[in-house]
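Residue strings, one per chain:
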Amino acid sequence: QVQLVESGGGLVQAGGSLRLSCAASGRTFSNYAMGWFRQAPGKEREFVAGISWSGTNLYYANSVKGRFAIARDNAKNTVYLQMDSLKPEDTAVYYCAADRRMIGGSQVAYEYDYWGQGTQVTVSS
């Protein structure tokens, strides 16, 4: 089992920044690729960003390319999502997820094995 706990969400004005963190515990963190997803009210959960076990391979949804950056620190068992130039349409609950297929990059939620409880991000216009 891998336990994931997100933090760093909040309310920010359009154009602002937030950094989300996801702390992992349980099995060896570096054995998992990681991903960030988000879900807005009335919408399906969608892929935001992914990172391979080593941090070498990075993946982004087109909607966040150039604005968001994913990173991980395996020594701290933590994955981050730096979000800049936030827009009202980025408002959602953000979830981190772990994928035992270490290469990462899956944009399909059901392919991830473990999920956090989510953290709310609200961007005001």
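Just so it is clear, the structure is predicted and the values come from calculations on it, not from any experiment.

Reading the values: rules and limits
Here the residue numbers are simple positions, counted from 1 along each chain's written sequence. Only residues with pLDDT of at least 70 are given local features in this predicted model, and only at 80 or more are side-chain atom pairs given and counted; all residues enter the totals for whole chains, interfaces and linings. Only hydrogens and water are set aside; all other atoms, that is, all heavy atoms of the structure, feed into the side-chain values. Sulfur atoms of two cysteines make up a disulfide when they are within 2.5 Å. Counting from the N terminus, the helices are DSSP H or I runs at least four residues long and the strands are E runs at least two residues long. Categorising residues by exposure relies on relative accessible area from a 1.4 Å probe, with only protein chains included: less than 20% of the type maximum marks a residue as buried, more than 50% marks it as exposed, and the intermediate range marks it as partly exposed. One requirement defines pairing of two strands: DSSP has to find at least two bridges between them. One speaks of a salt bridge when a side-chain nitrogen belonging to Lys or Arg is within 4 Å of a carboxyl oxygen belonging to Asp or Glu. Here, nonpolar core means buried Ala, Val, Leu, Ile, Met, Phe, Trp, Tyr and Cys residues that are tied together by side-chain atoms lying within 4.5 Å of each other. Between two residues, a contact is recorded if the distance between any of their heavy atoms is within 4.5 Å. The rule is simple: put a 1 Å grid over the protein atoms alone, call a set of points where a 1.4 Å probe fits but cannot get out a cavity, call an open set with protein on both sides within 12 Å along at least five of seven lines a pocket, and count a residue as lining if it has an atom within 4 Å of a point. Grid points are joined across faces, edges and corners, and a volume is the space filled by probe spheres set on the points. When residues are sorted by character, Ala, Val, Leu, Ile, Met, Phe, Trp, Tyr, Cys and Pro go into the nonpolar class, Asp, Glu, Lys and Arg into the charged class, and all the rest, Gly among them, into the polar class.

K.L.:
Is there a simple way to think about the state of the cysteines in this case?
P.N.:
Disulfide: a covalent bond connecting the sulfur atoms of a pair of cysteines. Overall, the coordinates contain 1 disulfide when judged by the stated rule. Across the disulfide from Cys22 sits Cys96; the S-S distance is 1.9 Å. Note on the Cys22 and Cys96 pair: the S-S dihedral is about 45 degrees, so by sign convention the disulfide is right-handed. Of this pair, Cys22 sits in strand E3 (residues 18–26) while Cys96 sits in strand E9 (residues 92–99); the two residues are 74 residues apart in sequence, bridging distant segments of the chain. Exposure class is identical for Cys22 and Cys96. Each is buried.

K.L.:
Where do I start with the pairing of strand E11 (residues 119–124) in this structure?
P.N.:
If a strand is regular, its side chains alternate between the two faces of the sheet. By the alternation rule, side chains of E11 split into Thr119, Val121 and Val123, which are all buried, and Gln120, Thr122 and Ser124, of which none is buried. Judged from the 4 bridges that link them, strand E2 (residues 10–13) and E11 form a sheet pairing that is parallel. Residue pairing for E11: Gly10 is matched across the bridge by Val121. The pairing of E9 with E11 spans 3 bridges and is classified as antiparallel. Directly across from Ala92, in E11, lies its bridge partner Val121.

K.L.:
How should the pattern of salt bridges be read in this particular structure?
P.N.:
Pairs may arise between side chains of opposite charge once their charged atoms sit close together. This model, assessed by the stated rule, comprises 6 salt bridges. One salt bridge connects Arg38 with Asp90, and the closest N-O pair in it is separated by 2.9 Å. Highlighted residues: Arg38 in strand E4 (residues 33–39) and Asp90 in the loop between strand E8 (78–83) and E9, separated in sequence by 52 residues. In this structure, the salt-bridge partner of Asp113 is Arg100, at a minimum N-O distance of 3.1 Å. Of this pair, Asp113 sits in the loop between E9 and strand E10 (114–115) while Arg100 is found in the loop between E9 and E10, placing the two residues 13 residues apart along the sequence. Of the residues examined, Asp113 reaches a relative accessible area of 28% and is grouped as partly exposed. Its relative accessible area of 52% is what places Arg100 among the exposed residues. Among the charged side chains, a salt-bridge network with shared partners connects Arg38, Glu46, Arg67 and Asp90.

K.L.:
Looking at this structure, how should I read the nonpolar core?
P.N.:
One recurring pattern in soluble globular proteins: nonpolar side chains tend to sit buried together. Of all hydrophobic cores here, the largest spans 35 residues; its most connected members are Leu4, Met34, Trp36, Leu81, Met83 and Tyr94. When residues in this core are grouped by element, the largest group, 5 residues, is from E9. In this view, Met34 contacts Leu4, Cys22, Phe29, Ala49, Gly50, Ile51, Ile70, Arg72, Val79, Ala97, Ala98 and Tyr112; residues no more than four positions away in its chain are not counted.

K.L.:
Looking at this structure, I do not really get the layout of surface pockets. What am I missing?
P.N.:
Rolled over the atoms, a probe as big as a water molecule pinpoints where empty space is left. In this structure, the largest pocket encloses a volume near 150 Å³. Every residue lining the largest pocket is counted, 13 residues in all, and those nearest its centre are Arg38, Ala40, Lys43, Glu46 and Glu89. When the residues that make up the lining of the largest pocket are grouped by side-chain class, the tally is 2 nonpolar, 3 polar and 8 charged.

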